[in-house]
Structure formats: C-alpha cells, structure tokens
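Okay, here's what each chain looks like letter by letter:
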Amino acid sequence: MTKALKDKIIESLTSILPIALIVLVLSVAFVPLEAGTFVLFLVGVFLLIVGLGCFMLGADMSMLVIGEKIGATMTHSRKIWLIALLSFIIGIIVTIAEPDLQILAEQVPAIAEKTPLGNYLLILTVAVGVGIFLTIGMLRIVFRIPLHYLLILFYAIAFVLSIFVSPDFWAVSFDSGGVTTGPMTVPFIMSLGVGVASIRSGKGSKNDSFGLVALSSVGPIIAVLTLGIIFDIQDIEYTLEPLTEVGDTRGVFFEYLHGFGDYAQEVAIALSPIIAFFILFQLASRVFRKRQIVRIVVGFVYTFVGLTLFLSGANVGFMPVGRAVGQGLASLWGGWLLIPVGMIIGYFVVAAEPAVHVLNKQVERMSAGAISSSAMMKGLCAGVCISLGLAMTRILTGINIMWILIPGYAIALILTFFTPPLFTGIAFDSGGVASGAMVSSFVLPMAIGACSVLDPAGIMTQAFGCVAFVALTPLISIQILGIVYKHRTSRIKRKFLTVEDRVLEYEVN
C-alpha cells in the first residue's frame, strides 16, 4: 500500500467515523437496530472508509488530469464549434455515468410507466440538460460572461417553468440537479474549468475556473421540469420496498457479495465511456506521455475499486439503517427529534461525500492556499446542517417546498452582487457537490423512513426535496464566507497602507 493511499484512507476515516458514531449512539439510545442490520452497517463503514480513500487517490491520478488536459486543449484550439461539441458530448457521457442519478431514477416510477425507455427517460433527460449547460458554461468562460448573470437568468426560467408542472413533481425536479453532480461528474467537470482557465490569462481567469458544476446543476432542473410539462405528470406514487433483513453473518456476506457484483458492473459501465473518450482524445492529440498514461490507467483502477466499495457500503450498509433511523425517530415524541438529529447528521455527512474532497482540494489549489480546505469544509458543514433541519421540519409540518426554495435562491442570487466572483463560482459549485452519494443513500432513505410513519401519502412531495435543500444552503453559507474573507483582506490591506504611509511620513520628516 503506497503512502498516498494510506494518507487518503486516514483522511476518509476522519470523514466517515463521526457518522458511524452518531448512528451507534442513536441505535443504543433511541432507535434499536436489528443485529443483522447493524452488522451490515459496520461492514458498510469499513467499505466506505477504504472505498473513499481509493476513489480520492484514483480521481487525483486519472479524471482530474484528463479533464484539465482536455479543457486546456479545447481552449487552445480557439475553435468555438469544437469547444461546444466536445462539451456537449462530455456532459452527456459523464452524467449517464453518474451512480447517484441511477438511484434517483429508480425511485420515480411515474416517468418509467409512461415510456418504453423506463428509467432511462429521466436519465437521458438529465444527461442532455447537463450537456447543454456544460456547453453554456464552457462558452461563458471563453467569452468571459459573468457567472451570476447566467445563474439569475436560468434559475428564473426554472421557477417560471415550475408554474406549469404538477406540485408532485417539484421536489424530484430540483433533486435531480443535486444528484447529477456526484463522484463521477464533479472531478471531470471541475478539472475542465481549471484546464480552460489555465490557458486564459489576465484578470478573472482564476474566477472562471469555478462555475461549471453550478451551471451543470441547474441544467437538469430545467430539463426535468420540461419533461414534467411534456408528460403532464401528476399524482406520483412511491412504492416503499421492505427493508433488507439478514439473520446471520452468512446473510451479510451474501448481501454484500450480491452488492459487489451489481455495483462493480454499474461502475464499469459508468467508467467505460470516460475511458473510451480518453483513448480517442489521446489518439487524436498525443498529449500524454507513456509514463502519464500508465499513471492514469492505475488511477482508473483505483477509481473503479474505490467507487465499487463505496457504493456497496453506502447502498447495502447505510440505506437500510437510514430508513430504520428515520422510522424510529418519527415514532418518538411526535417526530420532533428528527430536527436536531437531522442537523447533527447534516453537519458531519457532507465530509463523507467523495466529490466534496475534490472540490476543496481544487479550491485550495486555485486560491494558492488563501481559501483553506478546512474553511471550505466548515462552510459546507454549516450549510448542510441547516438544510437538513429545514428538510425534517418540512416533513413534520408539510410546508410547500417552494416556500423555502424561492426565498432561498433569491437570497443566494442577491448575495452574488456582494460576493467576490471567485466565491460565487465556488459557492454554486459547492451546492452541487454537497448533495452526492451519502445524501442519496443515507439522508434520503432517512427522510423516506420518517415520512412512511408520519405521512405515507406524502413521500414524493415531503421526503423528496431534501437533496434540493442540501444543494441550496451551501450557496448562501459559502458566499457569506466569501464576504467575510473580502472584508478581512480589505482590512489587512488598509492596515498595511496605513503603516506604509507612516513609514513614508517618517522618512520625509
């Protein structure tokens, strides 16, 4: 085992251990778990730690390197049509490869029943949305269009479209924007932006290295809302499947063995278009040397192993525990314990998201250490803590999702006029990366479990939407961090100038 892998596993251990301890405390104090379910969870914790470590190392060695080189090469060509075409193709490829999207599509039966394509209709709709908006994002960087103008325009379009869609479909539409930017999509899309910015020079080039994930998140919202208008989807029903039950260690072994097979196949299918695109790109450009190619191949192996282990642990081990915890808490004291527990879980769960670590590393790198990964993590944790508190409150009270989304996005978009441009891009990218695999496989099942006790008929309207909230609050918290950062640097500059003036005055006298 290399030192780099050891460091990544230690980093993932510190991220996932708090969640495991929270579930352990809940299982002892409030929600007793079946022995088999608890063993599934413990094995899942181990797999998440090892899988997240392998994935982070693999992403560093492969997808980040490829994405940056493709972004730089496209921009260097100066051919607008080539940039647009490749951006559209890349957006579709990486989105179809996103495991989180598969999880969401399987839980929306109303769409699958209306077409022979089944779940793939939602997947393809979201993929086309990402492809179109990734193209817009790349062209924005080339033509130097301010990010916040596009965000205001497209979110306004999204909310206007929601007027013509059934309220049953609102939560799913906004959730689709969150789950799309997960462990497969984020490393590739973010590195594209960094690659484009590396070719550009002058003021604002670093600011434009962020924002691609932000636009790629709003694309699926508009695309899925358009789908809802076309098919006039109403009265969506959610079929609650029974929890996984295992009676002994043998049952645990076979449950994970089945999961490994399923998710290994899923990850292989997800990675294959990216690998094929890399091969074609290398044959056409010859930009990578033999040693770099070997390193990238090893990185893909780490990515495959890591994501397979991570998804197996998250879906086999964490999903049933999330549902059981939600049902148990909803049965106690009218369910009001859901709010503080949800907020605590929200604070820690974001650190276990693979894509978050990719974003934080890129932010620290592009800001030359001025924005530390620890400061970013604290801002994200605070935002997701609030978002899950809001999500659980909505389950208990039945508040319409738009009563939170509309003012929330209004505040986030107004803040863009007061926040440094670099932080605007980082903040809206953060919303996409915070709502990833752990939210889909643990937080969403927890919300579904709570709704199944408090309001079984409202699962599609009340439980769904928590992913959208997780994608919303970091937009505000990170921009506030940016405003604080701006004031601090301005104060330091003023203090420095004051001292400099005094020195000059002394020298004159």
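A brief structural summary. Keep in mind that what you see is a predicted model, and the values were worked out from it rather than measured.

Scanning the protein for helices and strands turns up 21 helices and 0 strands. Relative to its 509 residues, the protein shows a buried fraction of 59%. Within the protein, contacts between residues separated by at least 24 positions form 87% of all contacts whose residues are at least 6 apart in sequence.

Attention now moves to the pattern of salt bridges. Under the counting rule described, the total for this entry stands at 2 salt bridges. Of the charged contacts, one joins D7 and K3 as a salt bridge, the two residues approaching to 3.1 Å between their closest N and O atoms. On the criterion of helical spacing, the pair formed by D7 and K3 is a turn pair, its members being 4 residues apart in helix α1 (residues 3-29). The class for D7 is partly exposed, based on a relative accessible area of 38%.

Mapped onto the fold, Y149 is located in helix α8 (residues 147-162). Separated by 267 residues in sequence, Y149 and T416 place their C-alpha atoms 9.1 Å apart.

Attention now moves to the environment of F159. Mapped onto the secondary structure, F159 falls in helix α8. Through-space distance from the C-alpha of F159 to that of I221 is 9.5 Å; in sequence the pair is 62 residues apart. Among all residues touching F159, those that are not within four sequence positions of it are F174, M402, L405, I406 and Y409.

Counting across every chain of the model gives 17 aromatic pairs. Arranged with centres 4.7 Å apart and planes meeting at 70°, the rings of F133 and F154 form a pair that is edge-to-face. Placement of the pair is F133 in helix α7 (residues 120-143) and F154 in helix α8, with a sequence separation of 21 residues. Of the two residues, F133 and F154, both sit in the buried class. By way of ring pairs, the aromatic residues Y155, F159, F174, Y409 and F428 are connected into one cluster.

So, on to the packing of α8 against helix α11 (residues 212-231). Remark: α8 packs on α11, axes separated minimally by 9 Å, with the N-to-C direction vectors making an angle of 20°. Judged by the angle between their axes, α8 and α11 are roughly parallel. The two elements α8 and α11 cross, and the hand of that crossing is left-handed. Along the contact surface, α8 presents L147, L150, L151, F154, Y155, I157, A158, L161 and S162, while α11 presents A214, L215, V218, I221, I222, L225, T226 and I229.

Here we come to the nonpolar core. Membership of the largest hydrophobic core comes to 161 residues, with the highest contact counts inside it found for I70, L329, L405 and M438. Contact partners of I70, with chain neighbours within four places excluded, come to I90, F188, L192, F277 and F281.

A complete count under the given rule lists 0 disulfides for this structure. There is no disulfide at C466, and the cysteine sulfur nearest it, in C451, is 9.6 Å away.

To continue, consider the side chain of T416. Examined against the element boundaries, T416 turns out to sit in the loop between α17 (402-415) and α18 (421-434). For T416, the residues in contact, after removing those within four places along its chain, are H148, T424, F428 and Q479.

For the rest of this paragraph, the subject is a nonpolar patch on the surface. A cluster of nonpolar residues, W81, L85, F88, I89, V128 and I132, forms a patch on the protein surface that exposes about 520 Å² of accessible area. When contributions to the nonpolar patch are tallied by element, the ones reaching two or more residues are α4 (80-96) and α7. Here V128 shows up in helix α7.

Positive phi outside glycine occurs at R144, with the angle close to 60°. Its location among the elements puts R144 in the loop between α7 and α8. In this model, R286 sits at a positive phi of 55°, which is unusual for a non-glycine residue. Counting through the fold element by element, R286 comes out in the loop between α12 (249-285) and α13 (290-330).

Cut-offs and rules
Residues numbered from 1 in each chain as written. Predicted model: local features only at pLDDT ≥ 70, side-chain atom pairs only at ≥ 80, totals over all residues. Heavy atoms only, no water. Helix = DSSP H or I, 4+ residues; strand = E, 2+ residues; numbered from the N terminus. Buried < 20%, exposed > 50% of the residue type's maximum accessible area, 1.4 Å probe, protein only. Contact = heavy atoms within 4.5 Å. Salt bridge = Lys/Arg side-chain N within 4 Å of Asp/Glu carboxyl O. Phe/Tyr/Trp six-rings, centres within 6.5 Å; stacked < 30°, edge-to-face > 60°. Axes fitted to C-alpha atoms, helices over the stretch in contact; angles between N-to-C directions. Parallel < 35°, antiparallel > 145°, perpendicular 65-115°, else oblique. Left-handed = near helix turned anticlockwise from the far one by under 90°. Core = buried A, V, L, I, M, F, W, Y, C linked by side-chain atoms within 4.5 Å. Disulfide = S-S within 2.5 Å. Patch = residues over 30% accessible without salt bridge, like charges linked within 9 Å, V, L, I, M, F, W, Y side chains within 5 Å. Areas by Shrake-Rupley, 256 points an atom, 1.4 Å probe, with all protein chains shown as cover.

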